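If you want the building blocks of each chain, they are given just below.
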Amino acid sequence: MSDPAPLRFAIVGHPNEGKSSVVSTLAEDDTVPVGPMPGETRACHNYPVIIDSRIVVEFIDTPGFQNPRHTLAWLENFGSADEQAIHAFREKHRTLPAYQHECQLLEPIEKGAGIIYVVDGSRPLRQTDLAEMEILRRTGRPRLAIINSKDRNEEYLDEWKAAFRRHFNSVRVFNAHHANYAQRMALLDTLKSIDQDWQPAMEEVIEAFRDDWEHRLAATATLIGELLETSISHFALADCGEGDDHEREEHLKERFRKELSAMERRFHERIRKLFKHNIFQFEPSSQTALQQDLFSERVWRVLGLDRTQLMWAAALAGGTGGAGLDVLFSGISAGVFTAGGALLGALSAYFGGERLAKVKAPGPRILGLDLSPRLGRTQLKIGPMHNLQFFFILLDRALIFFSYVINWAHGRRDQPSDEEAEKSSEGFTSTWNEEQRRLATRYFDALKKAEDAADMDPARREFQKFLRQQLLEMSREGSQKPAL
Ligand SMILES: Nc1nc2c(ncn2[C@@H]2O[C@H](COP(=O)(O)OP(=O)(O)OP(=O)(O)O)[C@@H](O)[C@H]2O)c(=O)[nH]1
Ligand SMILES: [Mg+2]
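Our subject in this report is the structure included herewith. (Residues numbered from 1 in each chain as written. Chains lettered and ligands numbered in written order. Predicted model: local features only at pLDDT ≥ 70, side-chain atom pairs only at ≥ 80, totals over all residues. Heavy atoms only, no water.)

## Overview of the coordination of the magnesium ion (ligand 2)
Piece 1. At 2.0 Å from the magnesium ion (ligand 2) lie its protein donor atoms, namely S20 (OG) and T41 (OG1). Highlighted residues: S20 in helix α1 (residues 19–27) and T41 in the loop between α1 and β2 (45–51), separated in sequence by 21 residues. Of the two residues, S20 and T41, neither departs from the other in class, the shared state being buried. (Donors = N, O, S within 2.8 Å, 3.2 Å for Na, K, Ca; no water. Helix = DSSP H or I, 4+ residues; strand = E, 2+ residues; numbered from the N terminus. Buried < 20%, exposed > 50% of the residue type's maximum accessible area, 1.4 Å probe, protein only.)

Below is the structure:
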């Protein structure tokens, strides 16, 4: 048996109120054209939400009302049942340019779509708005009104709400620029209430959205795990040839740094794709700890755990604990923390001053046997960074990026302001309790010691489960922390 037709909702309203932005955010589709000038959308366009190869629900972007007062006057004069009047209106005005948008936007509604009416609640109500609402009421279709305030002005909200009560089954505040997963779900929940007959189908839609989200969170947790594992075990080698060793070491440090940054960038790309940010490439503001280099001092100062937190995490996790700071910070040549606890410039603390290790590269091999170990070249080696603070910093940056991506509404097309960036402060892991840090540290320990992937399975499983829970909480709360 084929699937029943999906529920459809037409997003309608006055020009330039944010209809297309609402569609974009609701459908998580950043291909929806949005523009500052009224008249951006000139024809209806369907945006299906596809989950597991199935259209779960469809949002229809429509052009804004052109001539609502004349349209309403015509409907009032028609002298027949409202729904017939709508049909007759469309038949009669189909070819008239002055009513083209009305004919277009009423078409999906006549064909059975529910109505989502969008207004900018930061401006006062006008006569034309009342005409639009009355036209929509006359269609007889289930209707929800959305207040999408473009700025923070709340002066007119009560006026809008009073008008809506007369014309709509339900009203919701929903901001196309700031709505996140939790608010999208709340809006879908409200849509359940606009028509009793639609309730079971709407419940299925909500269920599908929820499952899809949980799959994405599980995929995110896997990607974070991959990032941590490949970064923590990464090392770089260079031949020690003739000439200046110092210069060669500097090159190798730089290459190592770039390779780790490239891993992080690939992780970012995957997360963006997973959360359907395909077109618009927002950039975290340059002020945030995310935009700074992974080894910048600022990043090491604000992310990860502080000295005491690190010591406790390691001590409680066993393993590294008893051995003290040296082991905790192994991989750092001079120690990130000086004796007084102040932080050195992270990159220089890491690599500065000291010479890199020299290792013997294996000689030529046949059938896996090293034929002549003595022929092996001497190589410079940097990494792997078996360092607990580095682990927490990578983890924090991954969580910040995730939080950034999930809180970035698809309808929003500008870059974050400096004011938003200023709020960015510390990371997530420093807010975890001791048990949570211990669990993460156990995973780090296993990762460091593991001879092969299977060795670390229990610790990995435990950490993945915890991470999925964290990601879910971050998206449930609509967590804006750290604000970006
Ligand atoms: N600040 C802010 N601007 C918004 C918001 N929603 C939409 N805008 C802006 O308002 C302008 C119009 O948005 P659209 O979504 O294209 O509006 P529309 O109702 O589809 O417009 P037409 O297709 O022309 O009828 C764009 O510049 C949007 O970026 C919002 O919630 N906050
Ligand atoms: Mg539009």
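## Topic: the pairing of strand β6 (residues 170–173)
Piece 1. Relative to β6, strand β5 (residues 143–147) runs parallel, the two sharing four bridges. Its bridge partner lying in β6, A145 is registered against V171.
Piece 2. In this fold, the crossover linking β5 to β6 by way of helix α6 (residues 157–167) has right-handed handedness. (Pairing = 2+ DSSP bridges. Right-handed = clockwise from strand over helix to strand, strands pointing away.)

## Focus: the packing of helix α8 (residues 199–232) against helix α16 (residues 434–449)
Piece 1. For the pair α8 and α16, interaxial distance at closest approach is 10 Å and the crossing angle is 45°. Classed by the angle they form, the pair α8 and α16 counts as oblique. Relative to α16, α8 is oriented so that their crossing is right-handed. Facing α8, whose interface residues are G225, L228, E229 and I232, α16 presents Y443, F444 and L447.
Piece 2. Of the residues that constitute the contact of α8 with α16, the class distribution is five nonpolar, one polar and one charged. (Axes fitted to C-alpha atoms, helices over the stretch in contact; angles between N-to-C directions. Parallel < 35°, antiparallel > 145°, perpendicular 65-115°, else oblique. Left-handed = near helix turned anticlockwise from the far one by under 90°. Contact = heavy atoms within 4.5 Å. Nonpolar A, V, L, I, M, F, W, Y, C, P; charged D, E, K, R; others polar.)

## Overview of the environment of L72
Piece 1. Turning to its location among the elements, L72 is positioned in helix α2 (residues 68–78).
Piece 2. In this structure, the C-alpha to C-alpha distance between L72 and L130, residues 58 residues apart in sequence, is 9.9 Å.
Piece 3. The residues touching L72, leaving out its near neighbours within four places in the chain, are A131, E134, I135 and R138.

## Observations regarding helix α3 (residues 82–93)
Piece 1. An ideal rise of 1.5 Å per residue puts 16 Å on 12 residues; α3 measures up with 16 Å between its terminal C-alpha atoms.
Piece 2. Close packing links the buried residues of α3 with α2, α4 (100–110) and α5 (127–139). (Expected span 1.5 Å × (residues − 1).)

## Thoughts on unusual backbone geometry
Across residues other than glycine, the phi torsion is negative in most instances, and most of the peptide bonds are trans.
Piece 1. Along the chain, G383 connects to P384 via a cis peptide bond; the corresponding omega equals -5°.
Piece 2. Here P384 shows up in the loop between β11 (378–382) and α14 (388–406).
Piece 3. In this model, N16 sits at a positive phi of 70°, which is unusual for a non-glycine residue.
Piece 4. By the element assignment, N16 lies in the loop between β1 (7–13) and α1.
Piece 5. Despite not being glycine, S53 has its phi angle at roughly 60°, a positive value.
Piece 6. Turning to its location among the elements, S53 is positioned in the loop between β2 and β3 (54–61).

## What about empty space enclosed by the protein?
Piece 1. A complete count under the given rule lists two cavities of 30 Å³ or more for this structure.
Piece 2. Its boundaries defined by the atoms lining it, the largest cavity holds a volume of some 60 Å³.
Piece 3. Lining the largest cavity are E28, V49, I51, Y181, R184, M185, F209, D212, W213, R216 and K276.
Piece 4. Elements that contribute at least two residues to the lining of the largest cavity include exactly β2, α7 (181–192) and α8. (1 Å grid on protein atoms, 1.4 Å probe; cavity = no way out; pocket = protein on both sides within 12 Å on 5 of 7 lines; lining within 4 Å. Points joined across faces, edges and corners; volume = space filled by probe spheres on them.)

## Description of the nonpolar core
Piece 1. By size, the foremost hydrophobic cluster in this structure holds 94 residues, and its most contacted members are F9, F59, F391 and L395.
Piece 2. Of the residues forming this core, the biggest block, 14 residues, is contributed by α14.
Piece 3. Discounting residues that sit within four places of it in the chain, F59 has contacts with F9, I11, V23, L26, A27, H45, N46, Y47, V49 and L188. (Core = buried A, V, L, I, M, F, W, Y, C linked by side-chain atoms within 4.5 Å.)

Geometry only, nothing functional implied.
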